[in-house]
Amino acid sequence: MPLPVPVLPDGVDPAWLPPAAFEAIGRRRTLIRGSGLLVDTVHGEVAEACARFGGSVVRDASPEPCDLVLDVSGTDDGEAFTLKRAEGRTTVTASGRHGLLHGLFHLVRLGEEAFRGERAAHTHRPAVALRVLDHWDNVAVHPVMGQVERGYSGGSLFWRDGRARGDLERVRVYARLLAACGINAVTVNNVNVHATEARLLTERIGDVARIAEAFRPYGIRTHLSVSFAAPILLGGLDTADPLDHGVRRWWERATAEVYAAIPDFGGYLVKADSEGQPGPFAYGRSHADGANLLAAALAPYGGTVRWRAFVYDHRQDWRDRSTDRARAAYDHFVPLDGEFAANAVLQVKHGPMDFQVREPVSPLLGAMPGTRLAVEMQATQEYTGQQRHACWLGPMWSEALRFRPEGTDPVGGLSDGLVAVSNAGADPFWTGHPLAQSNLYTFGRLAWDPGADPLAILDDWIGLTFGPDPAEGVRAVLAGSWRTYEKYTAPLGVGFMVQPGHHYGPSVDGYEYSPWGTYHFADRDGIGVDRSVATGTGYAGQYAKPWAEVYESPASCPDELLLFFHHVPYGHVLHSGKTVIQHIYDTHFEGVEEVEEAREVWGSLGQSVDPERHARVTERFAEQLRCAREWRDQINSYFLRKSGVPDERGRALY
Ligand code: GCU
């Protein structure tokens, strides 16, 4: 039976699946072979497209003349599919039902192209098995962080005021969008697990089961963030010690209940001993002990524990120059390599600090050959404009995924999972800034194929979302937007300089004397953090060669990371030929000019973009420009005052 396609609620943006995207399929005669829920989903999609565009679809019939065959031969969970076209017929074959679903959305992307000429058989399969969106959604509104921690898209799609939403149709629509870009798992609550959210694991598991049911028809498995202290908080035990027999029994029983409610449950996500969350350190146990406790409980059901490597001292003394937050994950976890269970995955932020606009790739990636790793990105733009600024992160993620630590595959290839902190919420455009949808889409596609060209993905997104007319303009606005953002914010990899707490807008010294380990050390002579082995914190030495050598010396360190690795005088000459101080002035002026240009290009698209979208983006550009000017003027004035070095070009500084 075809499963009805979820209905887009009134006023909600169709994002990259407008009806028109299905025209090529909807005009054809299609034969579907196979059985099971996901095949019913595919059937429903094709049937709806046919009802709209005049084609036809039959299921499990004898081969009559048809233009498209969607054929699943097996009943496994395999995600691969083979596409070919011969003798006027396009065929997608898959051995698993998930593969058929991915094949369908691949056809949607190709449009008419899928029905032209001949096509040799080509098998598509995801490079990374686990492609997850982590929602930092709270069930109850948190007094400081609100409904969604670092959420810039309205409320949560799942939760409202302490309970699961009653109507989950929008979650079904969301599941469909995610499947169409390759995502196959979702974590439905924040990594910071507060009191109400802790109970999702036990007495509130029914809420999670309802959400899992909404995701299931699109092949998306549900995961849960859990508190390491759950045995105490929920079970009334007096310890959460991972080696305690009672604790192990408690997790086994709790997990059995989870699987009774959600048979295809994906697994747990844990933030332990990090920014105040409980963890195994309290019992003198290692993080491998902690992760393996949950891994053991999940193993009988095929579940996975994702254990976050974001562990550092957030109560640092700024006077202490020997502690370096960037070193922390490596120092904590590399000694544990080889100790994690087979169904434990260590989830590592792509950079060593915290989702800044520019960071080196975490040295942990590549240094733990005996451990399964997942790379965590941040689609929610906490430090990259909070979805008020247009900032397409595709090139940044792609650079990280293509980075090749010595002697291993590129980061994308050595990952068992790719994870993004979601940027979606209850906002009618899903992502607050309509153009931030591009980040969600690009993440999914890069997770499927980390070696893909991000610009080609951007073009796919633009084509599906906007159609051909405004394509060139939208591309012009987004393609370079990450570098533009980098230009007008913290320079040369130094990071932060944001307002404390909410992290929006400039405050050069906002985190300079704080306990968070985020310093730039600017004085009258120079700026930057010395992380060399020779004279600094030694962080550069956490990389294997050649990177340890490349980063060790200012002479070989790439310009864009210079201040991450070195403290240099303002007169230091970059590879670009400019001094550091002149680079700061120039990039900040350029960044604002680029925002002005992008805003103009956007303004010219009024006739070819849907009016609501156009108006929302126009509004956001006004704010982006205001904020970019503020960044420019604060950063430039700050460094003029510190250094006393005037701008060579005599522009207005304050
Ligand atoms: C950042 C962010 C927090 C979040 C944390 C994490 O520090 O500001 O809100 O909890 O990352 O990734 O755990």
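Worth saying up front: this structure is predicted, and the values here are computed from it rather than measured. (Residues numbered from 1 in each chain as written. Predicted model: local features only at pLDDT ≥ 70, side-chain atom pairs only at ≥ 80, totals over all residues. Heavy atoms only, no water.)

### Examining the site of the ligand
Step number 1: In the vicinity of the ligand there are 13 residues, among which Glu-149, Lys-271, Arg-308, Lys-349 and Glu-382 approach most closely.
Step number 2: At a separation of 2.7 Å, an oxygen atom of the ligand approaches a polar side-chain atom of Asp-354.
Step number 3: Here the ligand has 320 Å² of accessible area as a free molecule, and 96% of this is covered by the chains.
Step number 4: Looking at side-chain class alone, the shell around the ligand contains three nonpolar, two polar and eight charged residues. (Near = heavy atom within 4 Å. Polar contact = N/O pair within 3.5 Å; in protein donor to acceptor, adjacent residues only side chain to side chain. Areas by Shrake-Rupley, 256 points an atom, 1.4 Å probe, with all protein chains shown as cover. Nonpolar A, V, L, I, M, F, W, Y, C, P; charged D, E, K, R; others polar.)

### Section: helix α11 (residues 394-402)
Step number 1: Of all nine residues that make up α11, seven are buried, and the element is covered over most of its length.
Step number 2: Looking at the buried positions of α11, the neighbouring elements they touch are β17 (372-378), β18 (417-421), α12 (437-448), α13 (454-466) and α15 (481-488). (Buried < 20%, exposed > 50% of the residue type's maximum accessible area, 1.4 Å probe, protein only. Helix = DSSP H or I, 4+ residues; strand = E, 2+ residues; numbered from the N terminus. Contact = heavy atoms within 4.5 Å.)

### Here we look at the packing of α13 against helix α14 (residues 471-478)
Step number 1: For the pair α13 and α14, interaxial distance at closest approach is 10 Å and the crossing angle is 135 degrees. What the angle tells us is that α13 and α14 run oblique. The element α13 and its partner α14 pack so that their crossing is right-handed. Counted together, Leu-455, Leu-458, Asp-459, Trp-461, Ile-462 and Phe-466 of α13 and Ala-471, Val-474, Arg-475 and Leu-478 of α14 form the full contact between these two elements.
Step number 2: Broken down by class, the residue content of the contact of α13 with α14 amounts to eight nonpolar, no polar and two charged. (Axes fitted to C-alpha atoms, helices over the stretch in contact; angles between N-to-C directions. Parallel < 35°, antiparallel > 145°, perpendicular 65-115°, else oblique. Left-handed = near helix turned anticlockwise from the far one by under 90°.)

### Let's talk about the UniProt feature "domain: Glycosyl hydrolase family 67 C-terminal" (unreviewed entry) in the protein chain
Step number 1: In this numbering, the UniProt entry assigns the feature "domain: Glycosyl hydrolase family 67 C-terminal" (unreviewed entry) to residues 431-651.
Step number 2: The distance separating the terminal C-alpha atoms of residues 431-651 is 37 Å; by composition the span is 49% helix and 2% strand. (UniProt positions renumbered as here; feature names shortened; annotations may be inferred.)

### Topic: the sheet that holds β17
Step number 1: An order of β7-β12-β13-β14-β15-β16-β17-β18 is seen for the eight strands of this closed barrel, with the pairing classed as parallel. Going from strand to strand, the sheet's axes swing by 25 degrees on average, the running direction of each strand aside. (Pairing = 2+ DSSP bridges.)

### Examining the packing of aromatic side chains
To describe a pair of aromatic rings, you give the distance between the ring centres and the angle between the ring planes.
Step number 1: By the definition in use, this model includes 31 aromatic pairs.
Step number 2: Note on Trp-318 and Tyr-513: the rings are 5.0 Å apart at their centroids and 85 degrees apart in plane angle, and the pair reads as edge-to-face. Here Trp-318, found in the loop between β15 (304-308) and α10 (328-333), pairs with Tyr-513, found in the loop between α15 and β19 (526-527); they are 195 residues apart in sequence, far enough to count as distant.
Step number 3: Relative accessible area serves as the criterion here: at 32%, Trp-318 is assigned to the partly exposed category.
Step number 4: Aromatic side chains Tyr-551 and Phe-565 sit 4.3 Å apart centroid to centroid with 10 degrees between the ring planes, which places their arrangement in the stacked category. Taken together, the residues Tyr-551 in helix α16 (residues 547-552) and Phe-565 in helix α17 (residues 562-565) connect sequence positions 14 residues apart. The residues Tyr-551 and Phe-565 share a single accessibility class, namely buried.
Step number 5: Among the aromatic residues, ring-to-ring pairing joins Phe-403, Tyr-539, Tyr-543, Trp-547, Tyr-551, Phe-564 and Phe-565 into one connected group.
Step number 6: A cation over a ring is seen here: Arg-321 above Phe-521, with NZ or CZ 3.7 Å from the ring centre.
Step number 7: The ring of Phe-310 has Lys-349 lying over it, and the distance from NZ or CZ to the ring centre is 3.3 Å. (Phe/Tyr/Trp six-rings, centres within 6.5 Å; stacked < 30°, edge-to-face > 60°. Lys NZ or Arg CZ within 6 Å of the ring centre and 35° of its normal.)

### A few points about unusual backbone geometry
Step number 1: Of note, the bond from Lys-545 into Pro-546 is cis; its omega dihedral lies within 30 degrees of zero at 0 degrees.
Step number 2: The topology assignment puts Pro-546 in the loop between β19 and α16.
Step number 3: Phi is positive for Asp-161, close to 50 degrees, though the residue is something other than glycine.
Step number 4: On the secondary structure map, Asp-161 appears in the loop between β10 (159-160) and β11 (163-164).
Step number 5: Phi at Trp-430 takes a positive value of approximately 75 degrees, unusual for a residue other than glycine.

### What about the nonpolar core?
In a soluble, globular protein the nonpolar side chains are often hidden away together inside.
Step number 1: In terms of nonpolar packing, the biggest core is built from 193 residues, with Trp-16, Phe-215 and Trp-251 touching the most fellow members.
Step number 2: Counting six residues, the second-largest nonpolar core is a separate cluster that includes Leu-130, Val-345, Ala-374 and Val-419. (Core = buried A, V, L, I, M, F, W, Y, C linked by side-chain atoms within 4.5 Å.)

### Remarks on the UniProt feature "domain: Glycosyl hydrolase family 67 catalytic" (unreviewed entry) in the protein chain
Step number 1: The feature "domain: Glycosyl hydrolase family 67 catalytic" (unreviewed entry), as annotated in UniProt, sits at residues 120-405 in this numbering.
Step number 2: Taken end to end, residues 120-405 has its terminal C-alpha atoms 35 Å apart, with 27% of it in helix and 19% in strand.

### Digging into α13
Every α-helix carries 3.6 residues per turn, so stepping three or four residues along brings you back to the same face.
Step number 1: Counted at 1.5 Å a residue, the expected span for α13 with its 13 residues is 18 Å, and the 18 Å between its end C-alpha atoms agrees.
Step number 2: All buried positions along α13 are accounted for by Pro-454, Ile-457, Leu-458, Trp-461, Ile-462, Leu-464, Thr-465 and Phe-466.
Step number 3: Of the surrounding elements, those touching the buried residues of α13 are α3 (97-110), α11, α12, α14, α18 (580-603) and α19 (611-643).
Step number 4: The N-cap of α13, judged by a side-chain oxygen 3.0 Å from the amide nitrogen of Leu-455 a few residues on, is Asp-453.
Step number 5: Positioned one or two residues after α13, Gly-467 has a phi angle of 75 degrees, which is positive. (Expected span 1.5 Å × (residues − 1).)

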